[in-house]
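Next come the chains, spelled out residue by residue.
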Amino acid sequence: KLMELGTSKQIARVSIEGMITENRDQLRMLNRLAEAKNVEGVIVFVNSPGGTTTGGEAIYEELRKIAEKKPVVAQFGTVAASAGYIVGLAADHIVSRGNTITGSVGVLMQWPEVGDLLSKVGVKMNEVKSGELKAAPSIFAPADQPSLGVVREMIDDGFRWFASLVETRRGIKIADVPGLEQGRIFSGREAVAKKLVDEIGGEPEAQRWLEEKRGVDKELSIIDWQPA
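Counting starts from 1 at the beginning of each chain's written sequence and moves along it residue by residue. Selection of residues for local features in this predicted model requires a pLDDT of at least 70, selection of side-chain atom pairs for listing and counting requires 80 or more, and totals for whole chains, interfaces and linings are taken over all residues. Computation of side-chain values: all heavy atoms of the structure, hydrogens and water removed.

Caption draft 1: Quick look at the packing of helix α2 (residues 53–67) against helix α5 (residues 145–170). Orientation is described by lines fitted to C-alpha atoms, with helices fitted over the stretch in contact, and by angles between N-to-C directions that extend from 0 to 180 degrees. Think of it this way: any DSSP run of H or I at least four residues long counts as a helix, any run of E at least two long counts as a strand, and we number them from the N terminus. The N-to-C vectors of α2 and α5 enclose an angle of 30°; their axes lie 12 Å apart at closest approach. Considered as vectors, α2 and α5 are oriented roughly parallel to each other. Considering how the two elements wind past one another, α2 and α5 form a crossing that is left-handed. Taken together, the residues of α5 that come into contact with α2 (itself represented by Thr53, Glu57, Tyr60 and Arg64) are Trp161, Leu165 and Arg169. Residue classes follow a fixed rule: Ala, Val, Leu, Ile, Met, Phe, Trp, Tyr, Cys and Pro count as nonpolar, while Asp, Glu, Lys and Arg count as charged, and any other residue, Gly among them, counts as polar. In the contact of α2 with α5, the residues fall into three nonpolar, one polar and three charged. Here roughly perpendicular refers to angles of 65 to 115 degrees, roughly parallel to angles under 35, roughly antiparallel to angles over 145, and oblique to all remaining angles. In this scheme, a crossing is called left-handed if the near helix is turned counterclockwise away from the far one by less than a right angle; it is called right-handed if the turn is clockwise. The criterion used for residue contact is that any of the two residues' heavy atoms lie within 4.5 Å.

Take a look at the structure:
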């Protein structure tokens, strides 16, 4: 069933799948969901290997606004890693499959270096810029230490934000979970043992949590909400 605004009481299902970005239509939909009087609870289905840090941040913030008004539970599918895990952290309870790939707490920036390739085909890049750190590092030349230093500072800042989110939302210390600081992934079973998620299961377990812990009527229909 597909529905957004209606009169019948319902549980809303929101699917966050694929590459996570700051999607304005999706964020507007989450904002409408927070205000929907007929929605008694929300199941967030996550099946994503990650995406942009800002995309995960934006969805996280909207889901926390929803959670201030109605219960939110996350259900992890095949993979819920990196920004996908950030989305899950917004929920007040996380259900994962035993073999879900999750974790990958960290921030990554990658770029190719094509200078040698261009020289082999006779192409030379020229540039004039206002400062040495403008557009650095560049794919056209080896990265120097000043530009690498800027990237490192940015990555470290993003990681501190991500780590604090995990510690606050999951009530754990990053350093107490072997491999978590290093960005490793975990199976769902491992994640339960390390308190990264709450229980093994699927949508029935997510709905049961809504019923047993938040008093949501188990007879309510689960309705998919999608961006307009």
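Caption draft 2: Spotlight on the pattern of salt bridges. A side-chain nitrogen of Lys or Arg and a carboxyl oxygen of Asp or Glu constitute a salt bridge if their distance falls within 4 Å. Enumeration according to the criterion identifies 15 salt bridges in this entry. Glu62 serves as the salt-bridge partner of Lys65, at 3.4 Å between the closest nitrogen and oxygen. Note that Lys65 and Glu62 are positioned in helix α2 at a spacing of three residues, about one turn of the helix. Each residue's exposure class comes from its accessible area (1.4 Å probe, protein chains only) as a fraction of the maximum for that residue type: buried when under 20%, exposed when over 50%, partly exposed otherwise. Judged by relative accessible area, Lys65 falls into the partly exposed class, the value being 42%. Taking the relative accessible area as the measure of exposure, Glu62 reaches 13% and is therefore buried.

Caption draft 3: Geometry of the nonpolar core. Buried residues of nine kinds, namely Ala, Val, Leu, Ile, Met, Phe, Trp, Tyr and Cys, make up a nonpolar core once their side-chain atoms join them within 4.5 Å. Ranked by internal contacts, the top residues of the largest apolar core, which has 47 residues, are Val42, Val166, Leu180 and Trp225. Elements that contribute at least two residues to this core include exactly β1 (10–20), α1 (24–35), β2 (39–51), α2, β3 (72–81), α3 (83–89), α5 and β8 (221–225). Among residues more than four places away in sequence, those in contact with Leu180 are Val105, Val166, Ile172, Ile174, Phe186 and Leu196. Within the second largest apolar cluster, ten residues are counted, among which are Val73, Val95, Val216 and Leu220.

Caption draft 4: Spotlight on unusual backbone geometry. A cis amide bond, omega 0°, links Ala136 with the succeeding residue Pro137. Of note, Pro137 is situated in the loop between α4 (115–120) and α5.

Caption draft 5: Quick look at the packing of aromatic side chains. Aromatic pairing here means that ring centres of Phe, Tyr or Trp (its six-membered ring) are within 6.5 Å. Orientation follows from the plane angle: under 30 degrees is stacked, over 60 is edge-to-face, and everything else is tilted. Scanning the entire structure with this criterion turns up one aromatic pair. For the ring pair Phe76 and Tyr85, a centre distance of 6.3 Å and an interplane angle of 70° mean the geometry is edge-to-face. Each member of the pair, Phe76 as well as Tyr85, carries the same accessibility label: buried.

Caption draft 6: α5, seen in detail. One less than the number of residues in a helix, times 1.5 Å, gives the span that helix is expected to have. Taking 1.5 Å per residue as the helical rise, α5 with its 26 residues ought to reach 38 Å, and the 36 Å between its terminal C-alpha atoms agrees with that figure. Buried within α5 are the following residues: Ser147, Val151, Ile155, Gly158, Phe162, Ala163, Leu165, Val166 and Arg170. Here the buried face of α5 lies against α2, α3 and β4 (93–96). Just past α5, the residue Gly171 takes up positive phi, approximately 65°.

Caption draft 7: Just the environment of Ala36, in detail. Topologically, Ala36 is positioned in the loop between α1 and β2. According to the relative accessible area criterion, Ala36 is buried, its value standing at 5%. Distance in space between the C-alpha atoms of Ala36 and Asp144 is 52 Å, their sequence separation being 108 residues. Those residues in contact with Ala36 that sit more than four places away from it in its chain are Lys70 and Trp225.

Caption draft 8: The arrangement of helix α7 (residues 203–214) in detail. In this model, α7 (twelve residues) spans 16 Å end to end at C-alpha, consistent with the 16 Å of a helix rising 1.5 Å per residue. Every buried residue belonging to α7 is among Ala206, Gln207, Trp209 and Leu210, and all of these are buried. Each buried residue of α7 sits inside an arc of 150° when the element is viewed along its axis, so together they form one side. Turned more than 90 degrees from where α7 packs its buried face, Pro204 and Glu212 sit exposed. The elements touched by buried residues of α7 are β1, β2, β3, β4 and β8. Just downstream of α7, Gly215 is the residue with a positive phi angle, here 70°. What the arc covers is the set of directions going from the helix axis to the C-beta atoms.

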